[in-house]
Amino acid sequence: MTVTLRPNNLDAFWMPYTANRAYKARPRLLARASGVHYHTPEGREVLDGTAGLWCVNAGHGRREIAEAIKRQADEMDFAPTFQMGHPIAFEAAATLAEFLPDGIERVFWTNSGSEAADTALKMALAYHRARGEGQRVRLIGRERGYHGCGFGGMSVGGIVANRRQFGAQLPFVDHLPHTHSRAHQAFSRGEPDWGAHLADALEDLVKLHGDTIAAVMVEPVAGSTGVLVPPKGYLMRLRELCTRHGILLIFDEVITGFSRLGAGFAADYFGIVPDIMTMAKGLTNAAVPMGAVATTDAVYDAVVNGAPGGIEFFHGYTYSGHPLACAAAIASIRIHREEDLAGRVRDLQPYWQETMHGLGAAAGVLDVRDIGLIAGIELQPREGRPTERAMAVFHRCFDDGLLVRVTGDVVALSPPLIVERAHVDRIAETLDRAIRAEPA
Ligand SMILES: Cc1ncc(COP(=O)(O)O)c(C=O)c1O
């Protein structure tokens, strides 16, 4: 089907995280989607190598999700969750709690990963204060971490470009070193052998800040800064250090959740229970915006049952637990369970890994990294013109029928989890052609 209606004015939309002038001079539009494909307004098919933005894990156009949203819209469009409730918000929380790792059973609804990050940080602060440790006000993030673009997530995040324009950040924030070293890790398959010791930097921060640290927040696998896979043993060491020093460990599972690694969450995959987890994206298969913060009984009990009465946590969003989002989440989680998307990832992962590492043969590929159904292909940048080569590869791929994502000079791949081997082949062939056509 060809969609003939085209927007004829691109001016009004100030696009997020986009080079607006460059985009509007050379727009790329996606008008329709189903399965693992997008279609442009002209009707050209584009293989989705990125699950939208790491979010359409169950594939596009899932009828079960669309029907659940429609049913809910007909039944009740909206009801508040401040001092009121509606059944589906509780049902969705219980459904999610069952899907979460054991030990994590309380759910706070947000509308995005950014809101989930800020909510998680505030939850950690409230937890310590409720327990009489109000001196724990320091939040520790990690270099090259991304936790969305609210002030909390931006401050705890470690992406220089995301902070530079905005002056003051949150106070009382510090950072662990990132875990990536091309010298020690290039072309690792899965978790690199080198780098677990980098978690010990938390000991140095504890020496420096004493008992004022409230929480450490990390992405189990950092996506936005180019697919940084955690070194073997690193996350476990971070868990042990947090426990030893009374610090809450927050996993930002916005991209690693919902079967992406071949387990429900990265916490399941690595066998580590954090104190707080954030999620979004795959939660509703991105059909309706939604995020969540999930935590342990211990955190919930300290904040909620420890309060004298009245509102226990002065935080929330008008759309926390929005009925349409809840309907989408329930339907989406059902698909993950019934189709065993995590199992699909585990089955396909060896082929994915092998095929992606094949891309290392092209000239000017500095590294290939992978875990689950994620890969990062790091390109040698053009002399004095960082990111130009990767952008050129991105454009070539799109023209050749493949959507990839680039961040710096890394091409990041995270297709819908329903891809087949033939799609993996097409991703690799198209990307290989583009990389060879755009030398450093
Ligand atoms: C790890 C991580 N945290 C948080 C976010 C922010 O999510 P959102 O864009 O829904 O606010 C993202 C988005 O890519 C992410 O990758």
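Read on for a plain summary of the structure. (Residues numbered from 1 in each chain as written. Predicted model: local features only at pLDDT ≥ 70, side-chain atom pairs only at ≥ 80, totals over all residues. Heavy atoms only, no water.)

Turning our eyes to something else, we now look at the sheet that holds strand β5 (residues 138-142). Overall, mixed pairing links the 7 strands, which are arranged β4-β10-β9-β8-β7-β5-β6 in an open sheet. Strands at the two margins of the open sheet, each flanked by one partner only, are β4 (106-110) and β6 (173-176). Strand-to-strand twist of the sheet, defined as the mean angle between neighbouring strand axes without regard to direction, takes the value 20°. Across 4 bridges, β5 lies against β6 in parallel orientation. Bridge assignment links R142 to a residue of β6, and that residue is L176. Against the sheet, helix α9 (residues 201-209) makes contact with β5, β6 and β7 (213-218), and its axis sits at roughly 155° relative to β6, the strand it touches most. The strands that helix α10 (residues 234-244) touches are β5, β6, β7 and β8 (248-252); relative to β8, the one it contacts most, it runs at about 145°. (Pairing = 2+ DSSP bridges. Helix = DSSP H or I, 4+ residues; strand = E, 2+ residues; numbered from the N terminus. Axes fitted to C-alpha atoms, helices over the stretch in contact; angles between N-to-C directions. Contact = heavy atoms within 4.5 Å.)

Let's shift gears to the sheet that holds strand β12 (residues 374-379). Here 4 strands make up an open sheet; going across it, the order is β11-β12-β15-β14 and the pairing antiparallel. Each edge of the open sheet is held by one strand with a lone partner, namely β11 (365-371) and β14 (405-407). Here the strands of the sheet are splayed against their neighbours by 20° on average, with no regard to which way each runs. Bridge count for β12 against strand β15 (residues 410-413) is 4 bridges, and the pairing is antiparallel. Within the sheet, the bridge partner assigned to E378 lies in β15 and is V410. Contacting β11, β12 and β15, helix α14 (residues 341-358) crosses the sheet at an angle of about 175° to β11.

This brings us to unusual backbone geometry. The residue F172 is not glycine, and still its phi comes out positive at about 60°. With respect to the helices and strands, F172 occurs in the loop between α7 (160-164) and β6. Within the chain, A286 stands out as a residue other than glycine whose phi angle is a positive 70°. In this structure, A286 sits in the loop between β9 (276-279) and β10 (291-295). Its relative accessible area of 38% is what places A286 among the partly exposed residues. (Buried < 20%, exposed > 50% of the residue type's maximum accessible area, 1.4 Å probe, protein only.)

Summed over all chains, the structure comprises 24 salt bridges. R106 serves as the salt-bridge partner of D297, at 2.8 Å between the closest nitrogen and oxygen. Taken together, the residues span a long stretch of sequence, with D297 in helix α12 (residues 297-305) and R106 in strand β4 at a distance of 191 residues. Within this structure, R382, R385, E388, R396 and E438 form a network of salt bridges that share partners. (Salt bridge = Lys/Arg side-chain N within 4 Å of Asp/Glu carboxyl O.)

Attention now moves to the packing of aromatic side chains. One pass over the structure, following the stated rule, counts 7 aromatic pairs. Ring geometry for Y269 versus F270: centroids 4.9 Å apart, planes at 80°, classification edge-to-face. For Y269, a relative accessible area of 35% translates into the label partly exposed. Among the aromatic residues, those joined into a cluster by ring pairs are F99, F258 and F265. In this structure, R44 is placed above the aromatic ring of F398, and the distance from its NZ or CZ to the ring centre is 5.1 Å. Above the plane of the ring of Y351 lies R421, whose end atom (NZ or CZ) is 4.2 Å from the centre. (Phe/Tyr/Trp six-rings, centres within 6.5 Å; stacked < 30°, edge-to-face > 60°. Lys NZ or Arg CZ within 6 Å of the ring centre and 35° of its normal.)

Quick look at the site of the ligand now. The immediate surroundings of the ligand are formed by S112, G113, S114, Y146, H147, G148, E219, S224, D252, V254, I255 and K281. Contacts to the ligand include G113, whose backbone N or O atom sits 2.9 Å from an oxygen atom. Between the ligand and the protein, one listed contact pairs a nitrogen atom with a backbone N or O atom of Y146 at 3.4 Å. Computed on the free molecule, the ligand has an accessible area of 390 Å², of which 82% lies beneath the protein chains in the complex. Its residues assigned to classes, the shell around the ligand comprises 3 nonpolar, 6 polar and 3 charged. (Near = heavy atom within 4 Å. Polar contact = N/O pair within 3.5 Å; in protein donor to acceptor, adjacent residues only side chain to side chain. Areas by Shrake-Rupley, 256 points an atom, 1.4 Å probe, with all protein chains shown as cover. Nonpolar A, V, L, I, M, F, W, Y, C, P; charged D, E, K, R; others polar.)

Shape descriptors only; they carry no functional weight alone.
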